[in-house]
Amino acid sequence: MTKEHQAVAVRRGSIGAKRNPASQQAILEAAEAILREDGLSGFSIEAVARRARAGKPTVYRWWPSRAALLLDVYQGFKNERQFPDTGNFEDDLRAFLTNQLIGFWSAGICGMVFRSVIAEAQSDPGAAEALFAYERGRRKFAEVLVDRAKARGEIDPNADSAVIIELLAGFAWHRLLTGRIEGSDADVDKVVATIVAATKKNPGV
């Protein structure tokens, strides 16, 4: 824990249902620190509340499940990565897979955290709801890659942006959940080439 974190990590109350920014930051920093130091086995709402010096009811009020808090920490990691805008559809897709998904998951604890959330979502309705909400927002954001390609005239304007992004995410999720993230570079190129070929504005030209 940094000195700055120590300074702000005093027990705080919440202001109704509205998050106190200082408390929120302290909790997220505590959650990240526990993940890095103890991994998933040491991660719990109780451990995070204790480390952040926040009341456990406060943490549960803002993050109703362990998975919801994990997703917020995960989102913080992801926000540190620039979203691709190469000016070219093929390169954008490749960068999306390697920078936002497969390459992102292979770095540090990110893949482990996301795989854990997916696993919890299979048996915990709250975790499933949190994962669905997160993924729905991320996919909508990623659809911009396809919409930009349509605007540039690179691909068929009738191409389904949502389906294209779901195909890419589905490939990446399958690799993550089956432990085959490493060594995916050649297959990334194949997946991208397949989508580019299927969405060409003038197929066969």
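Structure's up top.
Residues numbered from 1 in each chain as written. Predicted model: local features only at pLDDT ≥ 70, side-chain atom pairs only at ≥ 80, totals over all residues. Heavy atoms only, no water.

Draft legend 1. Quick peek at unusual backbone geometry. The phi torsion at Arg-53 lies on the positive side, around 55 degrees, for a residue other than glycine. Position of Arg-53 among the secondary structure elements: in the loop between α3 (45-52) and α4 (56-62). (Helix = DSSP H or I, 4+ residues; strand = E, 2+ residues; numbered from the N terminus.)

Draft legend 2. Structural detail: the environment of Ile-109. When you line up the elements, Ile-109 lands in the loop between α6 (89-105) and α7 (110-121). Of the residues examined, Ile-109 reaches a relative accessible area of 15% and is grouped as buried. Sequence-wise, Ile-109 and Gly-39 are 70 residues apart; in three dimensions their C-alpha atoms are separated by 8.1 Å. With sequence-adjacent residues up to four places away left out, Ile-109 is seen in contact with Leu-35, Arg-36 and Phe-77. (Buried < 20%, exposed > 50% of the residue type's maximum accessible area, 1.4 Å probe, protein only. Contact = heavy atoms within 4.5 Å.)

Draft legend 3. Structural view of the side chain of Lys-78. Relative to the helices and strands, Lys-78 is located in helix α5 (residues 66-79). In this structure, Lys-78 is buried with no salt-bridge partner, the nearest side chain bearing the opposite charge being Glu-135 at 6.1 Å. What Lys-78 contacts, discounting residues up to four positions off in sequence, is Gln-100, Leu-101, Phe-104, Tyr-134 and Arg-138. (Lys, Arg positive; Asp, Glu negative; His and termini not counted. Salt bridge = Lys/Arg side-chain N within 4 Å of Asp/Glu carboxyl O.)

Draft legend 4. Representation of helix α10 (residues 185-198) in the model. The terminal C-alpha atoms of α10, which comprises 14 residues, lie 20 Å apart, in line with the 20 Å expected from a rise of 1.5 Å per residue. All of the buried residues along α10 are Val-188, Val-191, Val-192 and Ile-195. For α10, the angular spread of buried residues about the axis comes to 95 degrees, placing them on one side. Along α10, exposed side chains directed more than 90 degrees from the buried face belong to Lys-190 and Thr-194. Among the structural elements, α6 and α9 (161-177) are those in contact with the buried residues of α10. (Expected span 1.5 Å × (residues − 1). Arc of directions from axis to C-beta.)

Fair warning: the whole summary comes from geometry, so function is off the table for now.
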